[in-house]
Amino acid sequence: MIVIMGMQIAPAAVADFHQVLTDHSRYWGERDLRSLHLLALVQEFGSTCLVARTEDGIRGYIFGFVTPDGTGYVHLIATRDDARGTGLGRRLYTAFAEAAERHGARKLKAITSIENTGSIAFHRSLGFSAKIVDDYNGAGRAMAVFHRDLPFNVSRP
């Protein structure tokens, strides 16, 4: 568990998962990404599915896991609407990278839609390389695929 200025970053519990879905629009706005939220990730990879919580609830979360080849894969990362621009996304990625390294990860990977320019800029600011891969998510569904080596040394704003 990491505590920074009253914010605790800790493994997600099942109740946290359900709270994130209840407050979905606070994290994702009009985009309905509930189908990408998989309870099995929290159940099976709890030490790499993290939430950032304060007294007023979950401010952000990162759900991921470590693959057998040593890749820390980030499936979802989101910050609540009132926590954007605070450096929370960086702190969540740092906590995830530390947890992934404890499980043998040597690199990180994430993907996003090519239309998600905010996510692309965010990942590049964290030192990820980005490549557009045609048909990554099915025929005609190109995705931006991000990679970076560990350790995860990024300065905090």
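Just so it is clear, the structure is predicted and the values come from calculations on it, not from any experiment.

**Points about the side chain of H123**
Mapped onto the elements, H123 comes out in helix 5 (residues 117-125). In this structure H123 touches Y93, A110, F128 and F146, once residues within four positions along its chain are discounted.

**Considerations on the environment of V42**
When you line up the elements, V42 lands in helix 3 (residues 39-44). Classification of V42 as buried rests on a relative accessible area of 6%. Separated by 21 residues in sequence, V42 and F63 place their C-alpha atoms 7.4 Å apart. Residues contacting V42, with those up to four places away along its chain left out, are A12, A13, V14, F17, C49 and F63.

**A look at the pairing of strand 6 (residues 107-113)**
Sheet analysis places strand 5 (residues 71-79) next to strand 6, joined by 4 bridges and oriented parallel. Paired with G72 across the bridge in strand 6 is L108. Once the chain exits strand 5 it traverses helix 4 (residues 88-102) before rejoining the sheet at strand 6, and the crossover so formed is right-handed. When strand 6 meets strand 8 (residues 143-149), the two strands line up antiparallel, connected through 7 bridges. Paired with L108 across the bridge in strand 8 is R148.

**With respect to helix 1 (residues 14-22)**
Within helix 1, the full set of buried residues consists of D16, F17 and V20. Projected down its long axis, helix 1 carries its buried residues within an arc of 105°, all on one side. Of the exposed residues in helix 1, the ones pointing more than 90 degrees away from its buried face are A15 and T22. Where the residues of helix 1 are buried, they touch strand 2 (7-11), helix 2 (24-28), helix 3, strand 3 (49-54) and strand 4 (57-66).

**Topic: unusual backbone geometry**
Only a minority of non-glycine residues have a phi that is not negative, and only a minority of peptide bonds are not trans. Note that the residue after L150, namely P151, is joined by a cis bond; omega there is 10°. Structurally, P151 is set in the segment after strand 8. Residues other than glycine seldom take positive phi values, yet D135 does so here, at roughly 60°. Tracing the sequence through the fold places D135 in the loop between strand 7 (129-133) and strand 8.

About the criteria used
Residues numbered from 1 in each chain as written. Predicted model: local features only at pLDDT ≥ 70, side-chain atom pairs only at ≥ 80, totals over all residues. Heavy atoms only, no water. Helix = DSSP H or I, 4+ residues; strand = E, 2+ residues; numbered from the N terminus. Contact = heavy atoms within 4.5 Å. Buried < 20%, exposed > 50% of the residue type's maximum accessible area, 1.4 Å probe, protein only. Pairing = 2+ DSSP bridges. Right-handed = clockwise from strand over helix to strand, strands pointing away. Arc of directions from axis to C-beta.

Without other data, these values stay purely geometric and don't point to any function.
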